[in-house]
Structure formats: C-alpha cells, structure tokens
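Okay, here's what each chain looks like letter by letter:
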Amino acid sequence: MFRMERIFENTVDFIRDLYKESSSLIPLHAPVFLGNEKKYLEECIDSTFVSSVGKFVDRFEKMVAQYTGANKAVVCVNGTNALHMALMLVGVEVDDEVITQPLTFIATCNAISYIGAHPVFVDIDKETLGLSPIALEKWLTDNTEIRSNICYNKTTGRKIKACVPMHTFGHPCKIDEIVEICKKYHIELIEDAAESIGSFYKDKHTGTFGKIGVLSFNGNKTITTGGGGMLLLQDEKLGNKAKHLTTQAKVPHQWEFIHDDIGYNYRMPNINAAIGCAQMENLDSFIQNKRETANQYKEFFNNISSIDFFSEPENCRSNYWLNAVLLQNKKERDDFLAYTNGNKVMTRPVWKLMNKLPMFVNAQCGKLDNAEWIAKRLVNIPSSVNCLL
Ligand SMILES: *Cc1c(COP(=O)(O)O)cnc(C)c1O
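Residues numbered from 1 in each chain as written. Predicted model: local features only at pLDDT ≥ 70, side-chain atom pairs only at ≥ 80, totals over all residues. Heavy atoms only, no water.

1. Considerations on the site of the ligand
- Taken together, 16 residues form the shell around the ligand, and within it Gly79, Thr80, Glu195, Ser216 and Lys221 come nearest.
- Asp192 places a side-chain nitrogen or oxygen 2.8 Å from a nitrogen atom of the ligand.
- Between the ligand and Ser216, the relevant distance is 2.7 Å, taken from an oxygen atom to a side-chain nitrogen or oxygen of the residue.
- The protein chains hide 92% of the 380 Å² of surface that the ligand would expose on its own. (Near = heavy atom within 4 Å. Polar contact = N/O pair within 3.5 Å; in protein donor to acceptor, adjacent residues only side chain to side chain. Areas by Shrake-Rupley, 256 points an atom, 1.4 Å probe, with all protein chains shown as cover.)

Okay, structure coming up:
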C-alpha cells in the first residue's frame, strides 16, 4: 500500500508538472479557444444569421467532409441525435436489433432505444477497446440465420439491422474486419466516431468505413461547437436525405411551407458552426499536441510496472482524445481514483458497462470477458490540449 501511494504521488506530481499547474484543479478535458472563434462569432451575430441558416453551417460541413474524406457531412445539434438519425437512415425500426459494444458512452444505446430497437452487446478487444471482430463473428454464427438477405436472431426472431462499433477514446477499432463481417451478414454499419475526429485507421479517417459515421462536438471532445454533432456519409443520395430529414423535411419553395416527410429539427445553429469552423482550423495542431502529451505519459508510465499506459493500436493513428491507464485490479483502480481526485487531479473510471444499467439488464449479450476485465481497471487521466507545450 505504501509503495502504491508513492507511485500515485509521483503520478500526480508528473501531471501537475506536465500542465504546469501546481495547485488548482486539473480537468480531464477542457476546451481550448485560441483561434478565430470570437471573430467568427462576432461575424455571425453582426450578420443576424445566428440560427439554422448561414454560411458557417455550410463551411463547417465542407471543412469536416474535406478533412475526413467523407463524400458528404451533415451537421446535427449533438452527437446523440446524429446517432438517432443515422440509425433511422439505414432503416432501423421498432423491435429491430442493433449490435454494439457494452463499453461505450450511454448515447450509443439511448439512440437505439429512441427508435424502440434493442441493443445486443458483443465483447471488445483489449488492444483496441472497440468492438471485437472475432467476438462479433462468433456471436453471429451462434445466434443468427439469414433468410432472404435479412439477418434474424434465432432466439428472439427479430431482425438484426445494424451494428454500431465505437472508436473508444479516439483509438480506432478493427474496422476493416467489421466491415467484411457486416457485409457477409447483411447488417448495416454505423460507426460511432464521436470520440475519434482526427483518428485514422490505415490512413483512412474513422467514421468513413461504415455507411454512416457519427461525430460529436460536445464541450469535452477534441474540438467543440458548444454542443454539436455530424453525420459522415459516402452515398450522396443518402447524404441529401440526411440533410432533408434533419431540417424538418421542408421542400424548398420561395414562400410555401411544404413538408414531405416526418422531419426533425436536428440542425446545428450557425452560431455553433462558427465556433466549429475556427476549431477545425486548429484541429491538426490540437492533435499533434495531444499526441505529444500521450508520448510524455507513455514515457512516464514505462517506468512504473504497476500502471500500464494504453497506447494506440497497430495500423492506427489515434487522436488520443482521452488518455487511459490500466491499474492491476479494481482495488488499486479505486485507490488511484481516490488519491488523484483527492489531490485535485481529475481522473475518471471508464463507463459502467451498458449491460449492467437498469434499462439494458435484459439485453442479449455475448461473452463479455474483455469488457469486464477493462471496466475494472481502466482510468482516464487529464488530456486537454496543453497550451504550454
Ligand atoms: C460524446 C459521445 C456521443 C455523443 O454525445 P453528444 O454529447 O450528444 O454530442 C456519442 N457516443 C459516444 C461514444 C460519445 O463519447
């Protein structure tokens, strides 16, 4: 115990030194506004186009599409409703099933639930923290059958419409293998890339492998618009449909109000998009900065045998949105959380596994050994862009 406390003390000292912050609270992830944010906001207000029409909305979409290589990008009010929209766009309906990972933020499962669909939980890989292609294939082989190109769950009789892997803390999962499996089983693929703007798998941006990818620009993400989300699409027609449905399904007309579908008011206001444009201009430097911080953590924890730093998986370039360490067991994890938070260095355990939450305790699950192993040990440590680097 004494030995561990010395290690925790050294860790707190190291983090305080890294962020040159000797006594105040060090947050887990604070936004940084160093560029044109104020200028664009002022332009936006001066123009009076503060709401859902304006040049920053279009510019922000173009910037993100170009950066990620997506054919089309469509803004949303936040990542959660972008996920909801993505699931509707690929045809998920009431009582369908959607496969996802138990280790994710609640938004993934909430979006599935908004439709009245049901999540099925399949294990993660320890080396990516994302959905395991091996576990996915095994679960599908054991539990499903294909009839007329539709995948059915043999136990529940329901259709399995979609699969939503998540790129945890910005680390890409083995997405190319998941693409192949989903194709084979006629399942639509949506990537929850809410945490992974700026993360690449084999030089291709996360969120551009599936039919739709979803980004989040919440205040704690790598770049922020205050609140915000985006859909990344490859199919131009589906992209246009996404735009239509997120903007009340209004048919363009000079003065008449005509709507040809049940639409949603999911469009990001111009004022948020203005911040987004300024943040995009700094994205590359933010990521370089975050990768440098990750390197420093890695070197530090290399000398500590009882705490492992989580490094980016093979063939990946991660944005290192949130740095993570693994403690030896739950007791040491809890001691580490108590010590660091007690000393005003903000750290957090990983989310409680989705299948343990009251809404999803009855969800069907594969074997979740890796997720359970990780959930007991993982802690996120301060990861903001370091303005002093
Ligand atoms: C942040 C996040 C979302 C979306 O969150 P919003 O706050 O609605 O933008 C979705 N999934 C994951 C995994 C996230 O981390």
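2. Remarks on the domain arrangement of the chain
- Here the chain is partitioned into domain 1 (2–32 + 283–381) and domain 2 (37–281).
- The distance between the C-alpha centroids of domain 1 and domain 2 comes to 26 Å.
- Counting residues at the interface gives 42 residues for domain 1 and 50 residues for domain 2.
- Taking both sides of the interface into account, the surface hidden between domain 1 and domain 2 amounts to around 3,800 Å²; carbon and sulfur atoms contribute 64%.
- Considering only the surface of domain 1 that becomes buried against domain 2, Leu283, Trp351 and Gln364 emerge as the three largest contributors, covering 21% of it.
- For the pair domain 1 and domain 2, the interface holds 0 salt bridges. (Domains from an automatic or database assignment. Contact = heavy atoms within 4.5 Å. Buried area = accessible area lost by both parts, 1.4 Å probe. Salt bridge = Lys/Arg side-chain N within 4 Å of Asp/Glu carboxyl O.)

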